[in-house]
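# Coordinates in review
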Number of protein chains: 2
Amino acid sequence: MKYCFGVDIGGTTVKMGLFQTDGELLDKWEIKTRTENGGEAVLPDIAEALKKKMEEKELTISQMTGIGIGIPAPVDEEGVVQNTANLGWGYKEVSKEMEELTSMKVAAGNDANMAALGEMWLGAGKGNKNMIMVTLGTGVGGGVIVNGQPLIGAHGAGGEIGHLCVNYEETDSCGCGKQGCLEQYASATGIARLAKKRLEKDDAPSALRSVEKVDAKAVFDALKEGDKLSEEIVEEFGSYLGHAMANLAAVTDPAVIVIGGGVSKAGDILLGYIEKYFMEKAFFANKETKFVLAELGNDAGICGAAKLIL
Amino acid sequence: MKYCFGVDIGGTTVKMGLFQTDGELLDKWEIKTRTENGGEAVLPDIAEALKKKMEEKELTISQMTGIGIGIPAPVDEEGVVQNTANLGWGYKEVSKEMEELTSMKVAAGNDANMAALGEMWLGAGKGNKNMIMVTLGTGVGGGVIVNGQPLIGAHGAGGEIGHLCVNYEETDSCGCGKQGCLEQYASATGIARLAKKRLEKDDAPSALRSVEKVDAKAVFDALKEGDKLSEEIVEEFGSYLGHAMANLAAVTDPAVIVIGGGVSKAGDILLGYIEKYFMEKAFFANKETKFVLAELGNDAGICGAAKLIL
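Residues numbered from 1 in each chain as written. Chains lettered and ligands numbered in written order. Predicted model: local features only at pLDDT ≥ 70, side-chain atom pairs only at ≥ 80, totals over all residues. Heavy atoms only, no water.

## As for the overall build of chain A
In terms of regular secondary structure, chain A is built from 10 helices and 12 strands. Against the compact-globule benchmark of 19 Å for 310 residues, chain A has a radius of gyration of 20 Å, which places it among compact chains. The C-alpha extent of chain A, read off along each of the three principal axes, is 65 × 45 × 35 Å. Relative to its full complement of 310 residues, chain A shows a buried share of 58%. Considering only intrachain contacts with a sequence separation of at least 6, the fraction spanning at least 24 residues in chain A is 60%. For chain A, the exposed area adds up to about 12,800 Å²; of that, 48% sits on carbon and sulfur atoms. Separation of charge centres in chain A, based on 31 positive and 45 negative side chains, amounts to 1 Å. (Helix = DSSP H or I, 4+ residues; strand = E, 2+ residues; numbered from the N terminus. Rg over C-alpha atoms; globule rule 2.2 N^0.38 Å. Buried < 20%, exposed > 50% of the residue type's maximum accessible area, 1.4 Å probe, protein only. Contact = heavy atoms within 4.5 Å. Areas by Shrake-Rupley, 256 points an atom, 1.4 Å probe, with all protein chains shown as cover. Lys, Arg positive; Asp, Glu negative; His and termini not counted. Charge placed at Lys NZ, Arg CZ, Asp CG, Glu CD.)

See below:
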């Protein structure tokens, strides 16, 4: 049996996993991300942690296939990043530096792409070579898998689903500076924004009016209790996301679309509202595309990173 | 030196080319597409034509790398089509049948994807591994190249750019049955439709009012003569296409977008109107994407088909 590491670098913690190459996750743990001094300690800290784990498990370098790393930034095919502000990095040859630190083979990719690859390998996308993963969290992230490989693109920026423009009439700005990005409607923040706007529009009764903090969870909780106004909000969310997915499918023709992130904790009820609007605008060849909830939660990133090196 | 064939099957004619594997096109010719009787003669006719060409050029099978074929339908990774009405075909294992007919290695793909691959290999996309080709003809076709390979997708329907919904308010229907498809605004037919609508809207003076047939060519010709109303029409065309390309780029992150098809004969003037609206909505990582005109014309399909087998 051979082994590999999957590493998922976040702005606060680095998640790590030791895998058998058949996909069995043997151990997982995390360390703090030390972003000070231009993030110079981040890679050495990881190398040190992996070395310790190998000692603990009595593994030698010859038993290791290598290390896969997910990074919260665009990463090109050579494992190079240009500017990863939340890790303190400027230009950095991540794969090369990590290979020098560990004497193991290293591959690096964007963290959203890694999560998608993880769900394809061990989660909700298992058995498919063409899929899209959409992560509905504070923002909207995405990863597109084409023929078993993450779509990286010319600048390492493939799969930036959150910044598809879905409303050319929008006047509010997205964090990216543009107006009408999918993220403004389909993220947790976006759903809270839609709710606030709807509540302010008129005096229609709603359970949400007695809720202290109207966030995405409150909207879905009220929906499940039959709240009509919450249903309107979720319909609006579903129309933006479902229509965007229909356009995405026309270009990338996935077998399955995996919905993950904090908003997906609302459960299966979410999928119906997305599928309804997807079907309305889907090209005929894409009508059989399935929608499923992500299965790996926070482990998707380390799973996909491990898969990248195999 | 080794050789290969590139074959581009259309509803009326089959175009064929004999290539050196270094990309040199040695000979090209075409035969009629006999679609009667379920198109049963199409592949045998091609096999016969290729055999004759080999005899004429004194080539043996051992000198041939194989045959690439472009087909006007979704084609899966095994070279299978489900239903190609314009060739008379139902389910057909194209690669397998052709291999049996010729004793050569065969690969088949969608014709729009082949045109994109051709432009990447020998035309306007040369030197790039990530590109989009948009063909503005009677309809809008597209091919997406990711890391040097055509994006095929789960059902062979990747790159259906013409059926991206770009206007959710549209009431007129596209040929596909949906409303608001890019094809309704950016094809030759679409531009003529925009022109008709604009001319009917009010009595604003325009050179187009004295033109017998207001088609895409007439609009661009008038634009070049400084016709203000034609410029409005081209601005509208550019906004739909440029905005759609910005969304496409956010997902596929191309280095270059190649514009081909009959409408592209308008020349460089076209590109400015697309780029202007692309830049308005492009995600920051995609701002360096270049727009160029296709270079291979009708040869793109045979070039890409040949490349597919290499």
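There is more to say after this.
## Quick notes on the packing of helix 6 (residues 188-201) of chain B against helix 8 (residues 228-252) of chain B
The geometry of a pair of packed helices is captured by two quantities: the angle between their axes and the separation between those axes. Residue and element names in this part refer to chain B. Here helix 6 crosses helix 8 at 130°, and the two axes come no closer than 10 Å. Between helix 6 and helix 8, the interaxial angle falls into the category oblique. The handedness of the crossing between helix 6 and helix 8 is right-handed. Contact residues: helix 6 offers Ile191, Leu194, Ala195, Arg198 and Leu199, while helix 8 offers Leu229, Glu232, Ile233, Glu236 and Phe237. Of the residues in the contact of helix 6 with helix 8, the class split is 7 nonpolar, no polar and 3 charged. (Axes fitted to C-alpha atoms, helices over the stretch in contact; angles between N-to-C directions. Parallel < 35°, antiparallel > 145°, perpendicular 65-115°, else oblique. Left-handed = near helix turned anticlockwise from the far one by under 90°. Nonpolar A, V, L, I, M, F, W, Y, C, P; charged D, E, K, R; others polar.)

## Regarding the interface of chain B and chain A
With 38 residues of chain B at the interface, the matching set in chain A holds 38 residues. When the two sides are added together, the surface that chain B and chain A hide from each other amounts to roughly 3,400 Å², 58% of it contributed by carbon and sulfur. Summed over the shared surface of chain B and chain A, the result is 2 salt bridges. Between Glu77 of chain A and Lys129 of chain B there is a salt bridge whose closest N-O contact spans 3.4 Å. Run the count over chain B and chain A and you get 20 residue pairs in polar contact (both at pLDDT 80 or more). Going through the elements one at a time, strand 9 (140-146) and helix 8 of chain B are the ones with two or more residues in the side of chain B that touches chain A. Of the residues forming the side of chain B that touches chain A, the biggest block, 6 residues, is contributed by helix 8 of chain B. By residue class, the composition of the side of chain B that touches chain A is 18 nonpolar, 13 polar and 7 charged. (Buried area = accessible area lost by both parts, 1.4 Å probe. Salt bridge = Lys/Arg side-chain N within 4 Å of Asp/Glu carboxyl O. Polar contact = N/O pair within 3.5 Å; in protein donor to acceptor, adjacent residues only side chain to side chain.)

## Here we look at the environment of Lys196 of chain A
Residues and elements named next belong to chain A. Looking at the secondary structure, you find Lys196 in helix 6 (residues 188-201). Taking relative accessible area as the criterion, Lys196 reaches 52% and is therefore assigned exposed. Remark: the alpha-carbon pair of Lys196 and Gly159, spanning 37 residues in sequence, is separated by 29 Å.

## Looking at the sheet that holds strand 1 (residues 3-9) of chain B
Residue and element names in this part refer to chain B. The mixed open sheet is built from 5 strands, whose spatial order is 3-2-1-4-7. Two strands close off the open sheet at either side, each with one partner strand: strand 3 (25-32) and strand 7 (106-110). For this sheet, the mean inter-axis angle between neighbouring strands, taken without regard to orientation, is 15°. Where strand 4 (residues 64-71) and strand 7 come together, 5 bridges link them in parallel fashion. Paired with Gly70 across the strands is Gly109, a residue of strand 7. Strands in contact with helix 3 (residues 94-102) are strand 4 and strand 7; relative to strand 7, the strand with the most contacts, it is inclined by about 145°. Together, strand 1, strand 2 (13-20), strand 3, strand 4 and strand 7 form the strand contacts of helix 10 (residues 300-309), whose direction differs from that of strand 1 by roughly 130°. (Pairing = 2+ DSSP bridges.)

## Some thoughts on the packing of aromatic side chains
Tallied over the full model, the rule gives 12 aromatic pairs over all chains. Each ring, one from Phe19 of chain B and one from Trp121 of chain B, has its centre 6.1 Å from the other, and the planes form 40°; the classification is tilted. Of the two residues, Phe19 of chain B sits in strand 2 while Trp121 of chain B sits in helix 4 (residues 111-122), which places them 102 residues apart along the sequence. The pair Phe19 of chain B / Trp121 of chain B is uniform in exposure class, with both members buried. Taking NZ or CZ as reference, Lys92 of chain A lies 5.3 Å from the ring centre of Trp89 of chain A, over its face. (Phe/Tyr/Trp six-rings, centres within 6.5 Å; stacked < 30°, edge-to-face > 60°. Lys NZ or Arg CZ within 6 Å of the ring centre and 35° of its normal.)

## A closer look at the pairing of strand 2 of chain B
Regular strands have side chains that alternate between both faces of the sheet. Residues and elements named next belong to chain B. With respect to burial, strand 2 is a largely interior element, 6 of its 8 residues being buried. In terms of strand pairing, strand 1 meets strand 2 through 7 bridges, oriented antiparallel. Residue pairing in the sheet places Val7 in a bridge with Met16 of strand 2. In sequence, strand 1 turns back onto strand 2 through a hairpin of 3 residues. Across 7 bridges, strand 2 lies against strand 3 in antiparallel orientation. Considered in strand 3, the bridge of Leu18 is made with Asp27. Hairpin connection between strand 2 and strand 3: a loop of 4 residues separates the two successive antiparallel strands, and Gly23 in this loop has a positive phi of roughly 105°.

## So, the sheet that holds strand 11 (residues 256-260) of chain B
All names here are of chain B. Spatial strand order, 10-9-8-11-12: 5 strands in an open sheet with mixed pairing. The sheet is open, and its two borders are formed by strand 10 (149-150) and strand 12 (290-293), each paired with just one other strand. Where strand 8 (residues 131-136) and strand 11 come together, 5 bridges link them in parallel fashion. Paired with Thr135 across the bridge in strand 11 is Gly260. Running at roughly 55° to strand 9, helix 4 makes contact with strand 8, strand 9, strand 10 and strand 11 of the sheet. In the packing of helix 8 onto the sheet, the strands contacted are strand 8, strand 9, strand 11 and strand 12, and the crossing angle to strand 8 comes to about 155°.

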